[in-house]
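This is what each chain is made of:
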Amino acid sequence: MKKPIKNILKIIIGLILSALLLYLTFRKVNINALLNRIKSANIFLIILAAIIHMFSYFIIGLRWRILLGKGMSTLR
């Protein structure tokens, strides 16, 4: 099989598998109860959690930069 066709097939299989797993995850979720829970949440804590989450990505990127060295890229 040619390489472009193989890559496209991998992407399609990945999308189908992801959609299936999302369906299995959310099929029994009560959306109204979830929305009510989100509405009652403290916005300050949500913003704080988002900031901490983004900071963790910064730390991960910094660690990768140190591990790979200055001249190396993630593609090499």
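Our structure's up above, just so we're on the same page.
The structure reproduced in this document is the subject of the present report. (Residues numbered from 1 in each chain as written. Predicted model: local features only at pLDDT ≥ 70, side-chain atom pairs only at ≥ 80, totals over all residues. Heavy atoms only, no water.)

Attention now moves to the overall build of the chain. On a plain count of helices and strands, the chain comes out with 3 helices and 0 strands. For the chain, the α and β elements follow one another from N to C terminus as α-α-α. Accessible surface, the chain as shown: approximately 7,600 Å² in total, 72% of it carbon and sulfur. (Helix = DSSP H or I, 4+ residues; strand = E, 2+ residues; numbered from the N terminus. Areas by Shrake-Rupley, 256 points an atom, 1.4 Å probe, with all protein chains shown as cover.)

Attention now moves to a nonpolar patch on the surface. Taken together, the side chains of Ile43, Phe44, Leu45, Ile46, Ile47, Leu48, Ile51 and Ile52 present a nonpolar region at the surface, about 790 Å² in accessible area. Note on placement: Ile46 falls in helix α3 (residues 43-68). Note on Ile46: relative accessible area 41%, which makes it partly exposed. (Patch = residues over 30% accessible without salt bridge, like charges linked within 9 Å, V, L, I, M, F, W, Y side chains within 5 Å. Salt bridge = Lys/Arg side-chain N within 4 Å of Asp/Glu carboxyl O. Buried < 20%, exposed > 50% of the residue type's maximum accessible area, 1.4 Å probe, protein only.)

So, on to α3. The α-helix winds at 3.6 residues per turn, so residues separated by three or four positions along the chain end up facing the same way. Between the first and last C-alpha of α3 there are 38 Å, a value that for 26 residues agrees with the 38 Å anticipated at 1.5 Å per step. The backbone nitrogen of Phe44 lies 3.1 Å from a side-chain oxygen of the residue at the head of α3, namely Asn42. Gly69, located one to two residues past α3, shows a positive phi value of around 85°. (Expected span 1.5 Å × (residues − 1). Polar contact = N/O pair within 3.5 Å; in protein donor to acceptor, adjacent residues only side chain to side chain.)

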